[in-house]
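Fold and contact review
This is what each chain is made of:
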Amino acid sequence: MPRRADLRKVLVVGSGPIVIGQAAEFDYSGTQACRALSEEGIEVVLVNSNPATIMTDVEVADRVYLEPLLPHVVARIIERERPQGLLATLGGQTGLNLALALTEEGILDRHGVELLGTPIEAIRTAEDRNLFREAMLRLGEPVPPGRTATTVEDCLAAAAGIGYPVVVRPAFTLGGTGGGIADDPRQLAAVAAEGLRSSPIGQVLVERCLLGWKELEYEVMRDGAGNAITVCNMENIDPMGVHTGDSIVIAPSQTLDDTDYQRLRSAALRIIAGLGIAGGCNIQFALHPQGREYYVIEVNPRVSRSSALASKATGYPIARAAAKIAIGLRLDEIRNRVTGATTAAFEPALDYVVVKIPRWPFDKFPEMPRRLGTQMQATGEVMAIGRTVPEALLKAVRSLDSPACDLRWPGGGRWTEAELDRLLAEPTDLRLFAMAEALRRGRSRAAVAAATGIDPFFVEQIEAIVAAEWGLAAGALTLAQAKRLGMSDEAIGDLLGLDAVAVRARRQAMGLRPVFKSVDTCAGEFPAQTPYFYSTYEIEDEVPPARRPAVLVLGAGPIRIGQGIEFDYATVHAVKALREAGYEAVIVNNNPETVSTDFDISDRLYFEPLTVEDVLHIAERERPLGVLVQFGGQTAINLAAPLAAAGVRVLGTSVAALDVSEDRRKFYALLRRLDIPCPEGGAVTSVEEARALVRRLGLPVLVRPSYVLGGRGMQVAETEEAALGAAARALRAAPGYPALIDRYVPGIELEVDAVADGSSVLIPGIMEHVERAGVHSGDSVALFPAQSLPGAVIDRAVEIAAQLGQALAVRGFLNVQYVYDGQQLAVLEANLRSSRTVPFVSKAVGLPLVQLATRVMLGDALADLGFAGVHRLAPPPRVAVKAPVFSMEKLTRAEAALGPEMRSTGEVMGLAAHPGAALLKALTAAGVRVDARTVLVSLADDDKAQAAEVFAAFARAGFRLVATAGTAQA
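All of the points below concern the structure found in this document. (Residues numbered from 1 in each chain as written. Predicted model: local features only at pLDDT ≥ 70, side-chain atom pairs only at ≥ 80, totals over all residues. Heavy atoms only, no water.)

Counting buried positions along strand S15 (residues 353–359) yields 7 of 7 residues, so the element is predominantly enclosed. Burial along S15 is two-sided: Val353, Val355, Ile357 and Arg359 and Val354, Lys356 and Pro358, pointing in opposite directions, are all buried. Two elements, strand S12 (residues 249–251) and S15, share 3 bridges in a ladder whose sense is antiparallel. Directly across from isoleucine 250, in S15, lies its bridge partner valine 355. Note that S15 and strand S16 (residues 380–386) share 7 bridges and pair antiparallel. Bridging across to S16, valine 353 finds its partner in glycine 386. (Buried < 20%, exposed > 50% of the residue type's maximum accessible area, 1.4 Å probe, protein only. Helix = DSSP H or I, 4+ residues; strand = E, 2+ residues; numbered from the N terminus. Pairing = 2+ DSSP bridges.)

So, in structure tokens, the structure goes:
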């Protein structure tokens, strides 16, 4: 049947800012859903508060509201827009909780708005732990022994009946927020109290802990007519006890026999039908290590984090199908655009292996314990595709952009036997590498499996990689065999005492190159129409067809603190500009959560690690006109020089200029030559040089490394000891490059994102940071345009940006950061790439800055695009405020104080005619309770004198002040 004719306008709810547990996967799914609804002629209205996403672009929906995701705000939008339907199942837990609130407050009924897709009763049943247990038992599906509770006393009573250990699962939360495992009453009291606080309805489930059982997920789809399919099943390599978002996952499952596979598949189909879910649904099972006995753990009645992985792993567009089902289409009426020949009722078939590895923020928070548990801590993930488990696993490790070279962790060889025992027994981000090290030291496969609880099959796959390391070093394994196993040139070089370039030359002399296979949803049964590739080493002749001129665009890899979804925004806009200019756009990326890795965004997509080796393979196949590295954050920028050295043309700003901006010593020399003020300081290459420089400058100082993102390794040091420690860490963070030590300049920070073509410069405006200098720009509240700076300071900032653009012959983006101490404007740094704030500024001024920058990189002049000379845009009629959002509640013992190293995971945007109103919107969207009238103050001695007037203003505004003893006295 056709889609419902009564639905003319639909309101789509986004998921808000990126936080741990709810990240880019909902930007991807929401964007795909908006496009799917538009295909059916439906007017789409979107509400979301996140400026960094493609989803909040004016091109995605007919109308976009950048507003806080709160019931009273959405109610006003409903009153104004009068939609017939609300689609909330693509906005993560935020979307579901908002839909429930709008329903319970009568807002949807009052305005005649229908909740589309999964009915509200099914959402309540899946999310309310008590209703969920009752529903599973009614369907004849087993659930672990447990009880729901609303007080700590109830939790303790439940555990006494169940027996320890128990797991606490809060209702209506995401990413396992507030949950945990308790081994005794003391632990349970603490976990239960946190879980009850975290649950919006004050309810938790206390149930038997199934530590060590296998954890499996089934991604299923069902339409309104009752047709249902399983899109994909996935197996967590980590056993139960680690949150699925923190688990290494493989698809399809590898250790289930057909009987267990079919039993769980049938159960998943019964559950989605029994709950009445219409659209996508993720179902998690626990299976006994010896098979047969299973329990249903959880049902997500919405598109989830795992949905994005399943969608990218199979090529099946889950969010698109879910949106079409929500407006009345059946699975057999939704065309599969990957094949063009099948429908969404056709279950995908995989002739390859997919591995997902999470990306954790432990590098940002070295004080944190690295232990993994039932509360998710990963900020993002990578996905790799190969023909075998070892090949996919090694490609996934390379994709992490971490210190590891394949399965050898730096320093792993120095672990003591006791340390190795602990790393095997305790789930951490290092356990995978500890398993490999244990096997290198001669521990048996059975011993490693017993110590970790990981299935012997997976230990055997790691053992094959370790055996290959030995064989290669001993000359018993050929280079071809090592490459077919998935080993990188870098790892092979380390084992043979060669550099990666020499290994590459040897490979090429042997004619050993990868071939590229396609992800087509049907294992080759039908020809694919949307090429979506992964590499593997097989004997096969491959002649790429002749094509139009192509340009490679490098993505940013996994979402992490300091390199988030804003770079995916830039990647997608660059692709759009390339295609409009008549080029074929080719994306290289490995992040399954993002819009850039959707099946129809680019002309060709390569799901591959962002390393020199892997990108060169693609360049050899594609023979592009050039590569764009300026949109993939630091990951892509770091590839510019080696790609250029290998003969790949880097488009836009020259590699030499990129190096000047990244190498602090060269950059500060340029500033001195241009007579542009900068903080007094210098570059050092040793701790001894650092000591001499610190004594000359005086304290405090700011210490930072070269070639890093998100302020990694930056520190304001108040003592010489702290400064020397920071300098040592900075030198280790960027080997071969100096560390920079500057005198710390207190004052106001400001920032500009400009586009330059070597002579002309486009200045959209100046951002002003609310936090004082020393807090990373990504963690600062920012106002656009600047509100409190003198006009002469703004003029000077524009002049300096133009000077730098011309001196560095910038072709593309230029981000400059300054500090103003009340007398002088000094430059802190310049980034010759798309920055974190480009989407925010683009939306504030209503100009597609990424597309303009891409045109310039392709050779267009700004004058031809209407921006000659130093072109400064007129201030917009409204003020935009960017507010950071943090995930500190997910990170045990993480330092919450702000400084020069970035800590936030996402951001929100507030827009209003008055700066105070815009700030209020932004803080509200960020989750700040603006109705709270009490301020807690605790300040360092050096800050107390400066703070008096600030808190006097709070007191005059009616706030109650409470303070620690020393601060109270001051």
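Still to come is the rest of the account.
Here the structure, examined in full by the defined rule, presents 15 aromatic pairs. Ring geometry for tryptophan 213 versus tyrosine 295: centroids 5.5 Å apart, planes at 25 degrees, classification stacked. A residue pair is termed long-range when its members are at least 10 positions apart, and tryptophan 213 in the loop between strand S9 (204–208) and strand S10 (214–222) and tyrosine 295 in strand S14 (residues 294–300) qualify at 82 residues. Tyrosine 295 shares its class with tryptophan 213; the two are buried. Ring geometry for tryptophan 360 and phenylalanine 362: centres 6.5 Å apart, planes at 15 degrees, overall stacked. Put simply, the rings of Tyr218, Tyr261, Phe285 and Tyr294 pair up and form one aromatic cluster. Over the ring of tyrosine 28 we find lysine 312; its NZ or CZ atom is 4.1 Å from the centre of that ring. (Phe/Tyr/Trp six-rings, centres within 6.5 Å; stacked < 30°, edge-to-face > 60°. Lys NZ or Arg CZ within 6 Å of the ring centre and 35° of its normal.)

To continue, consider the nonpolar core. By size, the foremost hydrophobic cluster in this structure holds 91 residues, and its most contacted members are Val12, Leu37, Leu87, Met221, Tyr316 and Leu762. Ranked by the residues each element gives to this core, the list is headed by helix H11 (residues 318–326), at 7 residues. Not counting residues up to four positions away in its chain, the partners in contact with tyrosine 316 are Met221, Ile229, Val231, Ser311, Ala321, Leu331, Ala344, Phe346, Pro348 and Thr521. (Core = buried A, V, L, I, M, F, W, Y, C linked by side-chain atoms within 4.5 Å. Contact = heavy atoms within 4.5 Å.)

Taken together, the side chains of Leu920, Val928 and Val930 define a hydrophobic patch exposed on the protein surface, amounting to about 230 Å² of accessible area. Tracing the backbone through its elements, the reader meets valine 930 in the loop between helix H31 (915–925) and strand S36 (934–937). Looking at valine 930, the relative accessible area reads 37%, which means it is partly exposed. (Patch = residues over 30% accessible without salt bridge, like charges linked within 9 Å, V, L, I, M, F, W, Y side chains within 5 Å. Areas by Shrake-Rupley, 256 points an atom, 1.4 Å probe, with all protein chains shown as cover. Salt bridge = Lys/Arg side-chain N within 4 Å of Asp/Glu carboxyl O.)

On to the sheet that holds S12, then. An order of S14-S13-S10-S11-S12-S15-S16 is seen for the 7 strands of this open sheet, with the pairing classed as antiparallel. What marks the edges here is a single partner per strand, and that holds for S14 and S16. When the angles between neighbouring strand axes are averaged without regard to direction, this sheet yields 25 degrees. Against the sheet, helix H9 (residues 258–275) makes contact with S10, strand S11 (228–236), strand S13 (279–287) and S14, and its axis sits at roughly 50 degrees relative to S10, the strand it touches most. (Axes fitted to C-alpha atoms, helices over the stretch in contact; angles between N-to-C directions.)

This part takes up the state of the cysteines. In this structure the tally under the stated criterion is 0 disulfides. Sulfur of cysteine 232: no disulfide; nearest cysteine sulfur belongs to cysteine 281 and is 14 Å away. The class of cysteine 281 is buried, set by a relative accessible area of 0%. (Disulfide = S-S within 2.5 Å.)

Quick look at the environment of arginine 836 now. Within the fold, arginine 836 resides in the loop between strand S32 (825–831) and helix H29 (838–845). Residue classification places arginine 836 among the buried residues on the basis of a relative accessible area of 10%. Along the backbone, arginine 836 and isoleucine 565 are 271 residues apart, and their C-alpha atoms lie at a distance of 8.7 Å. For arginine 836, the side chain forms a polar contact with the main-chain oxygen of glycine 562, separated by 3.3 Å. (Polar contact = N/O pair within 3.5 Å; in protein donor to acceptor, adjacent residues only side chain to side chain.)

Attention now moves to the packing of helix H14 (residues 431–440) against helix H15 (residues 445–452). At a minimum axis distance of 10 Å, the contact between H14 and H15 shows a crossing angle of 155 degrees. Considered as vectors, H14 and H15 are oriented roughly antiparallel to each other. In this structure, H14 crosses over H15, and the sense of that crossing is right-handed. Contacts from Arg431, Met435, Ala438 and Leu439 of H14 reach H15 at Arg445, Val448 and Thr452. (Parallel < 35°, antiparallel > 145°, perpendicular 65-115°, else oblique. Left-handed = near helix turned anticlockwise from the far one by under 90°.)

Taken as a whole, the second largest pocket encloses approximately 1,300 Å³ of empty space. Residue lining of the second largest pocket: 40 residues in total, with Thr94, Asn97, Leu174, Pro200 and Gly927 positioned closest to the centre. The greatest single-element share of the lining of the second largest pocket, amounting to 7 residues, is contributed by helix H3 (residues 92–104). Partitioned by chemical class, the residues of the lining of the second largest pocket number 20 nonpolar, 13 polar and 7 charged. (1 Å grid on protein atoms, 1.4 Å probe; cavity = no way out; pocket = protein on both sides within 12 Å on 5 of 7 lines; lining within 4 Å. Points joined across faces, edges and corners; volume = space filled by probe spheres on them. Nonpolar A, V, L, I, M, F, W, Y, C, P; charged D, E, K, R; others polar.)

What follows is about the pattern of salt bridges. Using the criterion set out here, one finds 70 salt bridges in the structure. Arginine 169 is paired through a salt bridge with glutamate 207; the nearest N and O atoms lie 2.8 Å apart. Residue arginine 169 is located in strand S7 (residues 166–170), and its partner glutamate 207 is located in strand S9; the two are separated by 38 residues in the primary sequence. We classify glutamate 207 as buried; its relative accessible area is 2%. Here arginine 265 and glutamate 347 are joined by a salt bridge, their closest N and O atoms 2.7 Å apart. Pair noted here: arginine 265 is in helix H9 and glutamate 347 is in the loop between H11 and S15, with a separation of 82 residues, a long-range link. Look at the salt bridges and you will find they share partners, linking Arg408, Glu417, Asp421, Glu437, Arg440, Arg441, Arg443, Glu469 and Asp494 into a network.

Turning next to the side chain of threonine 118. If you trace the backbone, threonine 118 turns up in the loop between strand S5 (114–115) and helix H5 (120–127). Overall, threonine 118 belongs to the buried group, its relative accessible area being 1%. At a separation of 3.4 Å, a polar atom in the side chain of threonine 118 contacts the main-chain carbonyl oxygen of alanine 278. With sequence-adjacent residues up to four places away left out, threonine 118 is seen in contact with Thr89, Ile123, Ile277, Ala278 and Pro301.

With mixed pairing, the 6 strands of this open sheet are ordered in space as S17-S18-S21-S20-S19-S22. Unpaired on one side and paired on the other, strand S17 (515–518) and strand S22 (626–628) mark the two borders of the sheet. This sheet shows a mean twist of 30 degrees between the axes of neighbouring strands, independent of strand direction. With 2 bridges joining them, strand S18 (residues 532–536) and strand S21 (residues 604–607) adopt parallel strand pairing. Residue tyrosine 532 lies in a different strand from S21, and its bridge partner there is leucine 605. The strands touched by helix H21 (residues 612–622) are S17, S18, strand S19 (550–554), strand S20 (584–589) and S21; relative to S19, the strand with the most contacts, the crossing angle is about 165 degrees.

Everything listed here is a matter of coordinates, which is why it stays silent on function.
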